[in-house]
Amino acid sequence: SRKVYRAMVHDDPEFWEFYAQATPIDHISQLPITSRPAARGGGALNGMEELRAIPWVFAWVQSRYVVPGWYGLGSALEHYASDDPEHLEELCQMYKQWPFFRTIVDNAQLEIVRTHLPTAAYYAGRVKPESLGRRFHETIVHEHERTRKWLLEVTGQTRLLDTSPVVQSTVRMRNPAVFPINRLQVMLMEMWDRLPPDEQNRSNAWNEPLLLSITSVAAGMQSTG
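Residues numbered from 1 in each chain as written. Predicted model: local features only at pLDDT ≥ 70, side-chain atom pairs only at ≥ 80, totals over all residues. Heavy atoms only, no water.

Looking now at a nonpolar patch on the surface. Residues Trp98, Phe100 and Ile104 make up a contiguous nonpolar surface patch of about 320 Å² in total accessible area. Position of tryptophan 98 relative to the elements: it lies in the loop between helix H6 (85-97) and helix H7 (99-114). (Patch = residues over 30% accessible without salt bridge, like charges linked within 9 Å, V, L, I, M, F, W, Y side chains within 5 Å. Areas by Shrake-Rupley, 256 points an atom, 1.4 Å probe, with all protein chains shown as cover. Salt bridge = Lys/Arg side-chain N within 4 Å of Asp/Glu carboxyl O. Helix = DSSP H or I, 4+ residues; strand = E, 2+ residues; numbered from the N terminus.)

As structure tokens, this is what we get:
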């Protein structure tokens, strides 16, 4: 799981270029969401090494990828279960009998359901060059499908979160409510990008609506970072 996660996030030299465009991280850094600035040292965000944990997760929630909550787990489960026919049964028993493992799997279930790839595709669609956005989006989609498949195998469910129907229905109800705000946010980010550099400042008329879209998505998702 760690190997797959780091292969995308840390080892791919083009990852930051994708992340900076496919999430509103540059605008999140303006919000007073913690007692500390988004970047270590208080400077500008130029890469992963400078980014703190809360804005890192916050940006993924905004773009509806929610990558930190599940990415890599599907590959890990697939690798172990495919290594020996008895390993899948072992994983199923671990889920039933080991609270620690069950908690990890259930948390991943929740984050997978909170992920909404049709919305995320709009964020990836604004990445330049287009091939970069398409490449990372497809990578995330494939791991999402793999993780969803193996979570169902391990838990023995027909649908994710079947054992928590109230949570399941609550999360699913958010999608139609939050989707229009996400679309508005993408539009505002695109308009912001078209502004001359000397007009991209906090006093700009577009800044407040952009920040408001971020707080609105966070309220709808009931999550920051």
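Additional details are given in the paragraphs that follow.
What follows covers the pattern of salt bridges. Scanning all chains against the criterion turns up eight salt bridges. Taking the shortest distance from any N to any O, the salt bridge between aspartate 12 and arginine 135 comes out at 2.8 Å. Here aspartate 12 is found in the loop between helix H1 (2-9) and helix H2 (15-22), whereas its partner arginine 135 is found in helix H9 (residues 130-155), with 123 residues between them in sequence. Residue class for arginine 135 comes out partly exposed when judged on its relative accessible area of 33%. Close ionic contact of aspartate 193 with arginine 126 constitutes a salt bridge, the shortest N to O distance being 2.1 Å. Of this pair, aspartate 193 sits in helix H10 (residues 165-193) while arginine 126 sits in the loop between helix H8 (117-124) and H9, and the two are 67 residues apart along the sequence. What makes arginine 126 buried here is its relative accessible area of 7%. One continuous salt-bridge network, built from bridges that share partners, spans Asp12, Glu14 and Arg135. (Buried < 20%, exposed > 50% of the residue type's maximum accessible area, 1.4 Å probe, protein only.)

This part takes up the side chain of threonine 115. In this structure, threonine 115 sits in the loop between H7 and H8. One polar contact links the side chain of threonine 115 to the main-chain carbonyl oxygen of glutamate 111, over a distance of 2.8 Å. In this structure threonine 115 touches Arg64, Tyr65, Val66, Trp70 and His144, once residues within four positions along its chain are discounted. (Polar contact = N/O pair within 3.5 Å; in protein donor to acceptor, adjacent residues only side chain to side chain. Contact = heavy atoms within 4.5 Å.)

Before going further, it helps to examine the side chain of threonine 23. Relative to the helices and strands, threonine 23 resides in the loop between H2 and helix H3 (25-28). Of the residues examined, threonine 23 reaches a relative accessible area of 1% and is grouped as buried.

It is worth spelling out the packing of H2 against H9 at this point. Contact geometry of H2 with H9 gives a least axis separation of 10 Å together with a crossing angle of 90°. In terms of orientation, H2 and H9 fall into the roughly perpendicular class. Only Leu132, Gly133, Phe136, His137 and Ile140 of H9 make contact with H2, whose side of the interface consists of Phe15, Glu17 and Phe18. For the contact of H2 with H9, the residue count by class is five nonpolar, two polar and one charged. (Axes fitted to C-alpha atoms, helices over the stretch in contact; angles between N-to-C directions. Parallel < 35°, antiparallel > 145°, perpendicular 65-115°, else oblique. Nonpolar A, V, L, I, M, F, W, Y, C, P; charged D, E, K, R; others polar.)

This brings us to the confidence of the model for the protein chain. Close reading of the predicted structure is inappropriate where its pLDDT is low. Considering every residue of the protein chain, the mean pLDDT works out to 90; 92% of them sit at 70 or more. Here H3 is the element of the protein chain with the lowest mean pLDDT, 89, and H9 is the one with the highest, 98. (pLDDT = per-residue confidence, 0-100.)

To continue, consider the packing of aromatic side chains. All chains considered together, the criterion is met by 16 aromatic pairs. Their ring planes at 55° and their centres at 5.7 Å tell us that tryptophan 70 and tyrosine 71 sit as a pair that is tilted. When its relative accessible area of 7% is taken as the criterion, tyrosine 71 is described as buried. An aromatic cluster of at least three residues, connected via ring pairs, comprises Phe15, Trp16, Phe18, Tyr19, Trp56, Trp60, Tyr65 and Phe136. We note arginine 102 situated over the ring of tyrosine 95; from NZ or CZ to the ring centre the distance is 4.3 Å. The aromatic ring of phenylalanine 136 is capped on one face by arginine 135, whose charged end is 4.4 Å from the ring centroid. (Phe/Tyr/Trp six-rings, centres within 6.5 Å; stacked < 30°, edge-to-face > 60°. Lys NZ or Arg CZ within 6 Å of the ring centre and 35° of its normal.)

Before going further, it helps to examine the environment of phenylalanine 18. Looking at the secondary structure, you find phenylalanine 18 in helix H2. Each C-alpha atom, one on phenylalanine 18 and one on leucine 132, is 6.7 Å from the other, the two residues being 114 residues apart in sequence. With sequence-adjacent residues up to four places away left out, phenylalanine 18 is seen in contact with Trp60, Tyr65, Ala124, Val127, Leu132, Gly133, Phe136, His137 and Ile140.

Okay, helix H11 (residues 207-221) next. An ideal rise of 1.5 Å per residue puts 21 Å on 15 residues; H11 measures up with 21 Å between its terminal C-alpha atoms. The set of residues buried in H11 consists of Asn207, Leu210, Leu211, Ser213, Ile214, Val217, Ala218 and Met221. Within H11, the buried residues cover an arc of 150° as seen down the axis, which keeps them to one side. Projecting away from the buried face of H11 at angles above 90 degrees are the exposed residues Glu208, Leu212 and Ala219. Looking at the buried residues of H11, the elements they touch are H3, helix H4 (53-62), H7 and H10. At the exit of H11 stands glutamine 222, carrying a positive phi of roughly 55°. (Expected span 1.5 Å × (residues − 1). Arc of directions from axis to C-beta.)

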